[in-house]
Amino acid sequence: MRTLSTIRLVAKRWQQIVDGTPVFWKFIISTLPPHVNEATVTRSRNGPLTIIYSYGPMYTGGPRPYAEDFLRSLAHTFPRWSAYSGPLVSGYFHMPAPHLQTIILRDRGTSREALDLLGGSAKNLQHVHLSGIPIRWRAGLFAQLKILKLVQVSQGEFELTTTHILEILRTSPDLEHLELGDMHGPIDHSPASPVITHTRLRCIKLYNCGHNFAGAILRRIRAPSCNAFYVNEVVANFEQDLPIFLNEDLRNFKELLRATHSQNGSSRITLDDEEFGWNSLLEDVAEHLPTFSVFICSDGLIPCIEWVKDLIQDNPGLAIRFNPGASITQEVLDSIKPMRCVTRLEIRRSLWRDYWSRSLLALKLIGEPLNTNTSLPPLPYLQELLLTDAEWPPQSVLDMVRSRFNPSLWENTERTPLTIKMPRGASPANRLIFDLTTLKNIRETDGVELVQFVGSEKLDGNLAITWDEKKSIPTF
């Protein structure tokens, strides 16, 4: 709207052209002054309108209108609405709206009954996003959907079941984006339900749905064109449910995950306290490349690690990040050590003493030989080690590189040079002086390609000092 207002000021002729072109005037926004919205309604003539109720501040200051008052002033234009984004207000969305194609509804905590969406005449809708609003289900409710986002739409007797979701998918062949959040409805579809192939479905996002519900839906979907796949679920029973979720529920998307890792050339496992994440490195991926994120809250980190290991095999580019609270056990480390696909390792060290030993155990990981073959190095293709957050004991780093590059571990394997990156400066608490002698010994270890300090370059008042043994004097 600001652009249109600016263009109108250029010249009288430009103002006439802009005011006389109805297609320019279609956005009615609650944060704009009433007279601006009234002018938009007039200049749009009989054209479609996009109605947006925003919780942001008013453009000119002053109080924001109530949603009921804002929509009441526009009620006479309802037949022309082509899109609406805002809270659910009674008296509008329970009746047919033949020109409405986009509807984004948010609950304000006042919904008590299920919404009979557009009176059951919702087949013209192409973009549906409902959040916190239970809906009354009707067979054949949707037919032309391109975007479907449902978050917390189940309530009491109006729960959406897997049968309902699968019917939506079957009757929406043009679907491009599917997002389901906080869905915990019954799993009531027939075991013989066919798998639905969506050739245009490019984004799938399921989170906090209960792994059984999410898995039931994912088993019935094939999306050969999908380039954005996100799953975030809790799987409490890691001995029974986790293998089923990983190997059965996600089976149709294994090739997508493998291909995405290969095409992007990288992905990352993140380990935290009872949390496992595997995703494409989004900050390093160009917009046109596919992305994925699989996040699982579970005690079973090892089955998740083995699952990724089986998927990508020796395909290089995998990074592993240990967060400060990660449940780092010897069993977890033993699962990681043989991985030939790992080229980057990041260990985040906490200042909390309870976590120090975990971080140091992870650091020792890359220095100890394999349990199955003591003549082979751990993570043989590791190229980069990133030690972040708190400062690290210099001697621990030196011990690690000397152990890792013990010649006996590389007799039958070509040695992979290692770059070590460490924080430059940290919290003054528990500060350790990284003396240049130890740093020099680390750098001179055969196999260490580079030692690099990363982080802020601000001067912090510390001065590096080494002791000259020959002259018996300090060197600055």
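Before any of the text, the structure's been laid out above.
First, a word on scope: everything that follows refers to the structure included in this document. Small disclaimer: the values here were computed from a predicted structure and weren't measured. (Residues numbered from 1 in each chain as written. Predicted model: local features only at pLDDT ≥ 70, side-chain atom pairs only at ≥ 80, totals over all residues. Heavy atoms only, no water.)

Moving on to the overall build of the protein chain. Counting secondary structure elements, the protein chain contains 13 helices and 21 strands. The buried share among the 476 residues of the protein chain stands at 47%. Restricting to contacts in the protein chain with at least 6 residues of sequence separation, those with at least 24 account for 65%. Carbon and sulfur atoms make up 52% of the accessible area of the protein chain, which totals about 23,400 Å². (Helix = DSSP H or I, 4+ residues; strand = E, 2+ residues; numbered from the N terminus. Buried < 20%, exposed > 50% of the residue type's maximum accessible area, 1.4 Å probe, protein only. Contact = heavy atoms within 4.5 Å. Areas by Shrake-Rupley, 256 points an atom, 1.4 Å probe, with all protein chains shown as cover.)

Its twelve residues place the ends of helix 9 (residues 301-312) 17 Å apart at the C-alpha level, agreeing with the 16 Å of an ideal helix rising 1.5 Å per residue. Buried within helix 9 we find Leu-301, Cys-304, Ile-305, Trp-307, Val-308, Lys-309, Leu-311 and Ile-312. Looking at the residues trailing helix 9, positive phi occurs at Gln-313, about 55°. (Expected span 1.5 Å × (residues − 1).)

Tracing the chain through its elements places Arg-321 in strand 15 (residues 318-322). Exposure remark for Arg-321: the relative accessible area of 19% places this residue in the buried category. In this structure the side chain of Arg-321 is engaged in a polar contact, spanning 3.1 Å, whose partner is the side chain of Glu-346. In contact with Arg-321, other than residues within four places in its own chain, are Arg-268, Ile-269, Thr-270, Leu-271, Glu-346 and Arg-348. (Polar contact = N/O pair within 3.5 Å; in protein donor to acceptor, adjacent residues only side chain to side chain.)

Moving on, we get to the pattern of salt bridges. All told, the structure shown has 16 salt bridges when counted by the stated rule. Across the pair Lys-364 and Glu-368 runs a salt bridge, and its minimum N-O distance is 3.9 Å. The class for Lys-364 is partly exposed, based on a relative accessible area of 47%. Taking the relative accessible area as the measure of exposure, Glu-368 reaches 26% and is therefore partly exposed. Here the salt bridges share partners, and the residues they tie into one network are Arg-321, Arg-344, Glu-346, Glu-384 and Lys-421. (Salt bridge = Lys/Arg side-chain N within 4 Å of Asp/Glu carboxyl O.)

Right, let's get into the environment of Asn-237. Turning to its location among the elements, Asn-237 is positioned in the loop between strand 11 (228-234) and helix 7 (241-249). Overall, Asn-237 belongs to the partly exposed group, its relative accessible area being 32%. It is 8.4 Å that separates the C-alpha atoms of Asn-237 and Gly-300, two residues lying 63 residues apart in sequence.

If you walk through the whole model with that rule in mind, you get 13 aromatic pairs. Taken together, a centroid distance of 5.3 Å and an interplanar angle of 85° make the contact between Tyr-53 and Tyr-55 edge-to-face. For Tyr-53, a relative accessible area of 6% puts it in the buried group. Among the residues examined, Tyr-55 registers a relative accessible area of 42% and is labelled partly exposed. (Phe/Tyr/Trp six-rings, centres within 6.5 Å; stacked < 30°, edge-to-face > 60°.)

Our next topic: the pairing of strand 5 (residues 127-131). On any regular strand, side chains alternate: one points to one face of the sheet, the next to the other face. By the bridge criterion, five bridges tie strand 4 (residues 102-106) to strand 5 in an arrangement that is parallel. Across the sheet, Arg-106 pairs through a bridge with Ser-131, a residue of strand 5. Bridge analysis of strand 5 against strand 6 (residues 147-151) gives five bridges, and the strand direction is parallel. Directly across from Val-128, in strand 6, lies its bridge partner Leu-148. (Pairing = 2+ DSSP bridges.)

Let us now look at the packing of helix 8 (residues 254-264) against helix 9. Two elements in contact, helix 8 and helix 9, have axes separated by 9 Å at closest approach and are oriented at 70°. Regarding the angle of helix 8 to helix 9, the classification is roughly perpendicular. Residues Lys-254, Leu-257, Arg-258 and His-261 of helix 8 lie in contact with helix 9, whose contacting residues are Trp-307, Leu-311 and Ile-312. (Axes fitted to C-alpha atoms, helices over the stretch in contact; angles between N-to-C directions. Parallel < 35°, antiparallel > 145°, perpendicular 65-115°, else oblique.)

In this section: the pairing of strand 11. Sheet topology places strand 9 (residues 203-207) next to strand 11; five bridges connect them, and they run parallel. Paired with Cys-203 across the bridge in strand 11 is Ala-228. Where strand 11 lies against strand 14 (residues 291-297), seven bridges are found, and the strand directions are parallel. In the sheet register, Val-231 faces strand 14, and the bridge partner there is Val-294.

A few words now on unusual backbone geometry. A positive phi angle, near 50°, is found at Leu-118, a position not held by glycine. Of note, Leu-118 is situated in the loop between strand 4 and strand 5. Take Leu-118: its relative accessible area is 1%, and that puts it in the buried class.

For any two helices packed against each other, the geometry is given by the interaxial angle and the distance between the axes. Remark: helix 7 packs on helix 9, axes separated minimally by 10 Å, with the N-to-C direction vectors making an angle of 20°. By the criterion of interaxial angle, the relationship of helix 7 to helix 9 is roughly parallel. When you trace helix 7 past helix 9, the crossing you get is right-handed. Between helix 7, through Leu-242, Leu-246 and Asn-247, and helix 9, the contact on the second element is made entirely by Pro-303, Cys-304 and Trp-307. A class-by-class count of the residues in the contact of helix 7 with helix 9 yields five nonpolar, one polar and no charged. (Left-handed = near helix turned anticlockwise from the far one by under 90°. Nonpolar A, V, L, I, M, F, W, Y, C, P; charged D, E, K, R; others polar.)

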